[in-house]
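The chain contents come next:
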Amino acid sequence: MPPRQDCGLPDLSGTVGLVTGASGGIGSGVAARLAAAGAAVIVHHHRGADRAAALAAAIADRGGQAVTATADLTRPEECAALMAVAVERYGRLDAVVAAAGVQPVAALPGMSVEAWREVLDTNATGAFATVQAAATVMTGHGGSITLIASVEGTRPAGGHAHYCASKAATIMLARSAALEYGGAGIRVNTVSPGLIDRPGLTQDWPDGVQSWERAAPLGTLGESRDVGDACVFLASPMARWITGHDLVVDGGMSAVPAW
Ligand SMILES: NC(=O)c1ccc[n+]([C@@H]2O[C@H](COP(=O)([O-])OP(=O)(O)OC[C@H]3O[C@@H](n4cnc5c(N)ncnc54)[C@H](OP(=O)(O)O)[C@@H]3O)[C@@H](O)[C@H]2O)c1
């Protein structure tokens, strides 16, 4: 694994970003990187108000700008109200990263329709509502929307039929949205992470972590910052001609032959 170097970030100062699921592991890393690049950030949470407040305070301590906002993204009207926070607070919205999601495990035989619906509702319908609400606010000046999908959107994993289906839907949603919103100057992409480290993961799932590290060409788990850096790139003018793309951030796992 190449060592991490502080290689600088595109300059996003003067822009406004909004990260859904910023109270969670990946979303918090994305919000921190957008702020480090100079964007003012709306730190979204659902139930994790304390985690969101701590992140906003940490961003402010480092000289950045951040406010928190809550929404249940399975409710489209709350999604629209969330986007309005950016305009009310900072007067504009340039980049949205949708990192809210759920990842329960359930074997397909015996999976209840309620379990299926919960995952599709949160991950796919939530992404749909986020895209629609964000694009409504961005129409007129353009912007960037990045949906966090997963490598499981293109490769299946045991106990994750509902999750894999929701992430495949997210990837195709982004490509469809790229087609329909391109004329308004709105770029829509996905970032598909592989296994991202979080506190307690190695203790909770030692076999999974070991088998990932053995198989991935770069030999380690990813960090939320790796996902954040991909999102900063896609939000930046450096990606001005990139839309409808799925950027895989997985340490090379998708390049491993299946035979
Ligand atoms: N972790 C990985 O290895 C990995 C790999 C590939 C893809 N992903 C994807 O990356 C995204 C983030 O994953 P993570 O590991 O960071 O998960 P996480 O730590 O569990 O965070 C999930 C976030 O989603 C929010 N959320 C859940 N249900 C919501 C709802 N109904 N309305 C609004 N917000 C809701 C949570 O809000 P509160 O906590 O405030 O309630 C939290 O901020 C997910 O889409 C996941 O599928 C993760």
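Labelled according to an unreviewed UniProt entry, the protein appears under the name SDR family oxidoreductase, originating from Pseudonocardia alaniniphila. Word for word, the UniProt comment on the protein under Sequence similarities (unreviewed entry) is "Belongs to the short-chain dehydrogenases/reductases (SDR) family."

**Student:** Just give me the short version of the site of the ligand, but keep the residues and values in it.
**Tutor:** Taken together, 30 residues form the shell around the ligand, and within it Ser 23, Ile 26, Arg 47, Gly 48 and Tyr 163 come nearest. The separation between an oxygen atom of the ligand and a polar side-chain atom of Gln 103 is 3.1 Å. Contact with the protein chains removes 86% of the 910 Å² of surface that the ligand exposes when unbound. Secondary structure elements with two or more residues in the shell around the ligand: helix H1 (25-36), strand S2 (40-45) and helix H5 (161-181). By residue class, the composition of the shell around the ligand is 12 nonpolar, 14 polar and four charged.

**Student:** Account for empty space enclosed by the protein, with residues named and values stated.
**Tutor:** Across all of its chains, the model carries one cavity of 30 Å³ or more by this definition. A volume near 90 Å³ is recorded for the largest cavity. In terms of lining residues, the largest cavity is bounded by 13 residues, among which Ala 98, Ala 100, Asn 123, Gly 126 and Ala 127 are the most central. Of all the secondary-structure elements, those providing two or more residues to the lining of the largest cavity are helix H4 (113-138), strand S5 (143-148) and H5. The greatest single-element share of the lining of the largest cavity, amounting to five residues, is contributed by H4. Split into classes, the residues belonging to the lining of the largest cavity amount to six nonpolar, six polar and one charged.

**Student:** Quick rundown of the packing of helix H3 (residues 76-90) against H4? Include the residues and the values.
**Tutor:** At a minimum axis separation of 9 Å, H3 and H4 run at an interaxial angle of 35°. At the point where H3 passes H4, the crossing takes the right-handed sense. Together, Pro 76, Cys 79, Ala 80, Met 83 and Val 87 of H3 and Ala 129, Thr 130, Ala 133, Ala 134 and Val 137 of H4 make up the contact between the two elements. Split into classes, the residues belonging to the contact of H3 with H4 amount to nine nonpolar, one polar and no charged.

**Student:** Describe the state of the cysteines, listing the residues and the values that go with them.
**Tutor:** Evaluation of the coordinates by the stated rule reveals zero disulfides. Unpaired in terms of disulfides, Cys 7 finds its nearest cysteine sulfur in Cys 231, a separation of 15 Å.

Thresholds, definitions, all that
Residues numbered from 1 in each chain as written. Predicted model: local features only at pLDDT ≥ 70, side-chain atom pairs only at ≥ 80, totals over all residues. Heavy atoms only, no water. UniProt positions renumbered as here; feature names shortened; annotations may be inferred. Near = heavy atom within 4 Å. Polar contact = N/O pair within 3.5 Å; in protein donor to acceptor, adjacent residues only side chain to side chain. Areas by Shrake-Rupley, 256 points an atom, 1.4 Å probe, with all protein chains shown as cover. Helix = DSSP H or I, 4+ residues; strand = E, 2+ residues; numbered from the N terminus. Nonpolar A, V, L, I, M, F, W, Y, C, P; charged D, E, K, R; others polar. 1 Å grid on protein atoms, 1.4 Å probe; cavity = no way out; pocket = protein on both sides within 12 Å on 5 of 7 lines; lining within 4 Å. Points joined across faces, edges and corners; volume = space filled by probe spheres on them. Axes fitted to C-alpha atoms, helices over the stretch in contact; angles between N-to-C directions. Left-handed = near helix turned anticlockwise from the far one by under 90°. Contact = heavy atoms within 4.5 Å. Disulfide = S-S within 2.5 Å.

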